[in-house]
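One letter stands for each residue in the lines below.
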Amino acid sequence: MEGSKPCCTSFSSTKLDHNSLFLSDSTYYRSIVGGLQYLTWTIPNLSFAVNQLCQFMHAPRKQHMHAAKRVLRYLKETISQGIWFKKCSLHLIAYSDADWVGCLFDRRSTSGYNVFLGLNLISWSAKKQATVARSSTEAEYWSLAYTTVNLHGYAKYFVILASLSVLSLLYGVITSRLSLLLQILFFMQELSMSK
């Protein structure tokens, strides 16, 4: 892959299927895709491509290996890109979407969401829905419900963080006052002993 030509998209427009030949040794494919899973934490735009590649881990084919190598070529092109955090307001904002009957094999939809803290992306997910949706509206509602549950968890987490910061601030004030009181008592004790 060292001399390979970089590409500007991580995935081609054709959907992966079961039409090509099986790989003779699937361990190389599995190690590539396993490594790509870790990169999705810092490069979220790989999530869709890696999700698609992971669906064929049990029996990868040559077409799937070509798609995995395309993702590696995309990484070569975009090596300097990543997530950058900016100072901004602390509002939680979430976006969700669903791809109705996105998988042609089991007819299940894919749900996805992004959670922003101000302008900063802090969480994202793309996941196949557990059941088959009968309509695009049902798929969207399942996606919205999944997003809401996760957003509620983040809101609780931030409330806990806020209360901990208030407690630590109070602890700092109390300990500084206690320290000052102890210093005054110690000073008064030294004055009384010196007389």
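Residues numbered from 1 in each chain as written. Predicted model: local features only at pLDDT ≥ 70, side-chain atom pairs only at ≥ 80, totals over all residues. Heavy atoms only, no water.

Regarding the sheet that holds strand 2 (residues 110-117)
1) Next: Within the open sheet, the 3 strands sit side by side as 1-2-3. Their pairing is antiparallel. Both outer strands of the open sheet, strand 1 (92-99) and strand 3 (120-128), are each paired with one neighbouring strand and no more. Along the sheet, successive strands turn relative to each other by an average axial angle of 10 degrees, direction set aside.
2) Next: Across 8 bridges, the pairing between strand 2 and strand 3 is antiparallel. From the neighbouring strand, leucine 117 faces strand 3, where its bridge partner is asparagine 120. (Pairing = 2+ DSSP bridges. Helix = DSSP H or I, 4+ residues; strand = E, 2+ residues; numbered from the N terminus. Axes fitted to C-alpha atoms, helices over the stretch in contact; angles between N-to-C directions.)

Digging into the nonpolar core
1) Next: Formed by 20 residues in total, the largest nonpolar core has its most connected members in Phe11, Leu16, Tyr29, Leu36, Leu46, Leu53 and Val71.
2) Next: Contributions of two or more residues to this core are made by helix 1 (27-39), helix 2 (47-54) and helix 3 (62-77).
3) Next: It is helix 3 that provides the largest number of residues to this core, a total of 6 residues.
4) Next: With residues up to four places along the chain from it excluded, the contact list for leucine 53 reads Phe11, Leu16, Tyr29, Val33, Leu36, His64, Ala67, Ala68 and Val71. (Core = buried A, V, L, I, M, F, W, Y, C linked by side-chain atoms within 4.5 Å. Buried < 20%, exposed > 50% of the residue type's maximum accessible area, 1.4 Å probe, protein only. Contact = heavy atoms within 4.5 Å.)

Re the packing of helix 1 against helix 2
1) Next: Two elements in contact, helix 1 and helix 2, have axes whose closest approach is 10 Å; the angle formed by their N-to-C orientations is 145 degrees. Helix 1 and helix 2 meet at a crossing whose hand is left-handed. Here helix 1 contributes Tyr29, Val33, Leu36 and Gln37 to the contact with helix 2, which in turn contributes Val50, Leu53 and Cys54.
2) Next: Across the contact of helix 1 with helix 2, the residue classes break down as 6 nonpolar, 1 polar and no charged. (Left-handed = near helix turned anticlockwise from the far one by under 90°. Nonpolar A, V, L, I, M, F, W, Y, C, P; charged D, E, K, R; others polar.)

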